[in-house]
There are 2 protein chains.
Amino acid sequence: MASSRPATNLSAIAAALGVSVATVSNALSGKGRVSPELVERIRKTASELGYVPSSAGRALRTGKSGVLGLVLPDIANPLFPQIAQAIEKAAVNAGYGVLIADSRGEIAMQTDAINRLIERGVDGMVIVPRRGTRIGDVDCPVAVIDSPSTPGNTVAADHWDGGRQVGEYLAALGHNKVVLLGKNRDSNVQNDRLGGIRDGLGKACVTETLWVDAIEKADGAGCRLGLADGVAEGFTAFAAVSDLHALRALTELQREGIEVPEEASVTGFDDLIFSAVVTPPLTTMRMDMGRIADLAVDALLRAIDADSGFENGLAAEVTAEISKVPMALVMRGSTGKKKHDAIEAKKTTAGELTP
Amino acid sequence: MASSRPATNLSAIAAALGVSVATVSNALSGKGRVSPELVERIRKTASELGYVPSSAGRALRTGKSGVLGLVLPDIANPLFPQIAQAIEKAAVNAGYGVLIADSRGEIAMQTDAINRLIERGVDGMVIVPRRGTRIGDVDCPVAVIDSPSTPGNTVAADHWDGGRQVGEYLAALGHNKVVLLGKNRDSNVQNDRLGGIRDGLGKACVTETLWVDAIEKADGAGCRLGLADGVAEGFTAFAAVSDLHALRALTELQREGIEVPEEASVTGFDDLIFSAVVTPPLTTMRMDMGRIADLAVDALLRAIDADSGFENGLAAEVTAEISKVPMALVMRGSTGKKKHDAIEAKKTTAGELTP
DNA sequence: CTGAAAGCGCTTACAG
DNA sequence: CTGAAAGCGCTTACAG
């Protein structure tokens, strides 16, 4: 892989054409006030010489790096690809680059990650905060992607309403004993989703919540969740706060010989990469990540512009309104009508249902 | 979220202390030749004033941005989190930032992505190329992460040997009719893995390869792979080139009432996020992504240093040796001894095996 | 329509 | 041990 130093700059172009660097700069930036013919000649020479503007020179002069930071609680999080892709796309569309910073799940590293980005001169940053973390004062414009129930300027999916949709859907299917699967009690997002599910299910529905972290703490990582017991007790649906846990439930149920969706329905959240290809495919609640990213980046750019107005040590308020982006139900094969009576029949007169 | 302009620079510190900017610079960069007492005073003042060095100023002066690019074929790829996390970690350890560029699966966008990074002034970049793509001459140091069978300077896991380990493991378990699951015929990585699996399985083993892309093209996205037929034909193991396809196989088999691992073993690659938590957990072949990232970043930094030596338009050769990083088998519950006889018995005298 | 000049913040020889 | 000066490449008033 060869690499050659172009070393072409505005001066080189100016020298080649016998004009001034100011004129070259103006011509290339299309700021007008250069004759069309000269612009054409300058453009041609620039491309012949393989001119690539120096981002450092421009950044130093303008005070803007053209780079946005993306702070993530944990890149290993299965939802991260969607977020990163959407933010990168939104940023590129706006002419910005994206610098990533991973706090690898540790709260302490979140501050480090933010500081690294500031040292690299980002113009602003999108932060997906660690559960429950409040972002302290950051010395540059910030947009937060989190749950709407988090205080502060955030853009988020309407997790509660997404949960409500899941609950209503399951209720409409006839389910009235539902197991809810959460991971961690401290997560705003998860609590919103679960609250919404209970809400949508209605008061008539019996509900039990299992916290995966708590179960694993007691029984070890990757242990069974004991869902077959739930089915034995008459639960007919399992609603998880993430497709990862929905998948876990699906495979555990299948392994225990419980058919999904005939004997138990399973729902998840986020439409993760595997959700459409498992058998049966997972019914899930999807966020419009593209829209969330667009809103976050828009808010950020407005804040950056506003910030530029106050060069004299004044604080600029980033006033992104709290946005709730609607979620959408993706109905797939892992959910079906409640068949509790049939299950009961099977249990009492075993074999009757099989040919 | 308030944000204040620090506007503190070397001059401000120098002025506050009545010394020169050169001294402040030397003191802060620890280049010596400043008296310890002065260094201390300068440090103190700098931190009091909230001094953050200007990356633009430094970059302009030194010609180095301190930023590495990471070009990805598709952020949505399930392996991406591991790669991104490892590269980010390696880069941060080396004092670099990471700018991401996603080519969203389109080959044409790979060049765009690379150019965007060059325009942002990265010192070098790590490229995970799209299947079969050759990276053309890029005007900055490049390290490629791909299959070792790709020509050019690459660092990669030893996919072939990983496959061989899987094959030997399955053979040792007694499997002699194995279905291989690939996605795309053009992928070097997949062909290496599959070749290795066949190699490890040995000549005595009957092997059949299913290409998911081809099946989906015929039967639609997310369709069944028809694996139950394979079991009926006497195949007892399914070895996939990725955990994603292994998961697909696992759930399809489960859904068809075939027990894993009792009646069929399933193996994957990459130890994706879900692999440890499904039931049964997936046996998989894991890369040491941390090591791969370290090697890639190391090679890149050497290339960057070498490059600095040739400022006069000369081409510098990036001579990262081709490195093959070993892979490691993670044995979990989705694989077991071949029980073909038992399966045969079950098929002929149905019901005999169930209580 | 074009150009000379200043200056963004930093580092690095060089001189003292 | 400390400082004056140059210059990295760019953009932007300002003058002509």
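Residues numbered from 1 in each chain as written. Chains lettered and ligands numbered in written order. Predicted model: local features only at pLDDT ≥ 70, side-chain atom pairs only at ≥ 80, totals over all residues. Heavy atoms only, no water.

1. What to know about the sheet that holds strand β9 (residues 237-240) of chain A
Residues and elements named next belong to chain A.
- Read from one edge of the open sheet, 6 strands run β8-β7-β9-β10-β11-β14, paired in mixed fashion. Each having just a single partner strand, β8 (206-211) and β14 (327-330) make up the two edges of the open sheet. Across the sheet, the mean angle separating the axes of adjacent strands is 20° when strand polarity is ignored.
- Where strand β10 (residues 265-269) lies against strand β11 (residues 283-287), 3 bridges are found, and the strand directions are parallel. (Pairing = 2+ DSSP bridges. Helix = DSSP H or I, 4+ residues; strand = E, 2+ residues; numbered from the N terminus. Axes fitted to C-alpha atoms, helices over the stretch in contact; angles between N-to-C directions.)

2. What to know about the protein's contact with DNA strand D
- Of all residues adjacent to DNA strand D, which total 23 residues, the nearest are L10, Y51 and R61 of chain A together with R33 and S35 of chain B.
- Backbone sugar and phosphate groups make up 68% of those atoms of DNA strand D lying within 4 Å of the protein.
- Here a phosphate oxygen of DNA strand D and a backbone polar atom of S54 of chain A are 3.2 Å apart.
- One of the backbone nitrogen or oxygen atoms of G57 of chain A is found 3.0 Å away from a base nitrogen of DNA strand D.
- Counting residues per element, the ones that place at least two in the surface near DNA strand D are α2 (21-29) and α4 (55-62) of chain A together with α2 (21-29) and α4 (55-62) of chain B.
- Across the surface near DNA strand D, the residue classes break down as 10 nonpolar, 8 polar and 5 charged. (Near = heavy atom within 4 Å. Polar contact = N/O pair within 3.5 Å; in protein donor to acceptor, adjacent residues only side chain to side chain. Nonpolar A, V, L, I, M, F, W, Y, C, P; charged D, E, K, R; others polar.)

3. Considerations on the side chain of H245 of chain A
Residue and element names in this part refer to chain A.
- Secondary-structure assignment places H245 in helix α11 (residues 243-255).
- Exposure remark for H245: the relative accessible area of 8% places this residue in the buried category.
- Filtering out sequence-adjacent residues up to four positions away, H245 remains in contact with L181, K183, V212 and A240. (Buried < 20%, exposed > 50% of the residue type's maximum accessible area, 1.4 Å probe, protein only. Contact = heavy atoms within 4.5 Å.)

4. With respect to the protein's contact with DNA strand C
- Close to DNA strand C lie 23 residues, the nearest being R33 and S35 of chain A together with L10, Y51 and R61 of chain B.
- Considering the 4 Å shell around the protein, atoms of DNA strand C inside it are sugar or phosphate in 68% of instances.
- Y51 of chain B is positioned such that a nitrogen or oxygen atom in its side chain is 2.3 Å from a phosphate oxygen of DNA strand C.
- Note that a phosphate oxygen of DNA strand C is positioned 2.9 Å from one of the side-chain N or O atoms of R58 of chain B.
- Among the elements of the structure, α2 and α4 of chain A together with α2 and α4 of chain B are those that each provide at least two residues to the surface near DNA strand C.
- Per element, the largest residue contribution to the surface near DNA strand C is 4 residues, and it comes from α4 of chain B.
- Residues belonging to the surface near DNA strand C are distributed by class as follows: 10 nonpolar, 8 polar and 5 charged.

5. A word on the packing of aromatic side chains
- If you walk through the whole model with that rule in mind, you get 2 aromatic pairs over all chains.
- With a centroid separation of 5.6 Å and 25° between ring planes, the pair formed by F80 of chain A and F80 of chain B is classed as stacked. Residue F80 of chain A is located in helix α5 (residues 80-93), and its partner F80 of chain B is located in helix α5 (residues 80-93); the two belong to separate chains.
- Judged by relative accessible area, F80 of chain A falls into the buried class, the value being 2%.
- Taking 5.2 Å as the distance between ring centres and 65° as the angle between the ring planes, the aromatic pair formed by F274 of chain A and F274 of chain B counts as edge-to-face. On the criterion of chain membership, the pair formed by F274 of chain A in the loop between β10 and β11 and F274 of chain B in the loop between β10 (265-269) and β11 (283-287) is interchain, its members lying in two chains.
- Residue class for F274 of chain A comes out buried when judged on its relative accessible area of 1%.
- Looking at K177 of chain A, its charged tip hangs above the ring of F235 of chain A, at a distance of 4.8 Å from the centre. (Phe/Tyr/Trp six-rings, centres within 6.5 Å; stacked < 30°, edge-to-face > 60°. Lys NZ or Arg CZ within 6 Å of the ring centre and 35° of its normal.)

6. Overview of the sheet that holds strand β8 (residues 206-211) of chain B
All names here are of chain B.
- The strand order across the open sheet built from 6 strands is β8-β7-β9-β10-β11-β14, with neighbouring strands paired in mixed fashion. Of all strands in the sheet, those bounded by a partner on one side alone are β8 and β14 (327-330). Looking at each pair of strands side by side, their axes are set apart by 20° on average, direction ignored.
- Pairing of strand β7 (residues 177-182) with strand β9 (residues 237-240) involves 4 bridges; the strand directions are parallel. Its bridge partner being in β9, V178 is matched across the sheet by A237.
- On the sheet, helix α8 (residues 188-201) packs against β7, β8, β9, β10, β11 and β14 and is oriented at approximately 170° with respect to β7.

7. Topic: the nonpolar core
- Ranked by internal contacts, the top residues of the largest apolar core, which has 147 residues, are L247, L253 and F274 of chain A together with I87, L247, L253 and F274 of chain B.
- Once residues lying within four places of it in the same chain are set aside, the contact partners of L247 of chain B are L247, F274 and V278 of chain A together with F274, V278 and L282 of chain B.
- With 30 residues, the next largest nonpolar core counts V138 of chain A together with A113, L117 and C140 of chain B among its residues. (Core = buried A, V, L, I, M, F, W, Y, C linked by side-chain atoms within 4.5 Å.)

8. What to know about the environment of A218 of chain B
Residue and element names in this part refer to chain B.
- Here A218 shows up in helix α9 (residues 212-219).
- For A218, a relative accessible area of 62% gives the class exposed.
- Note: C-alpha distance between A218 and K64 (154 residues apart in sequence) is 51 Å.

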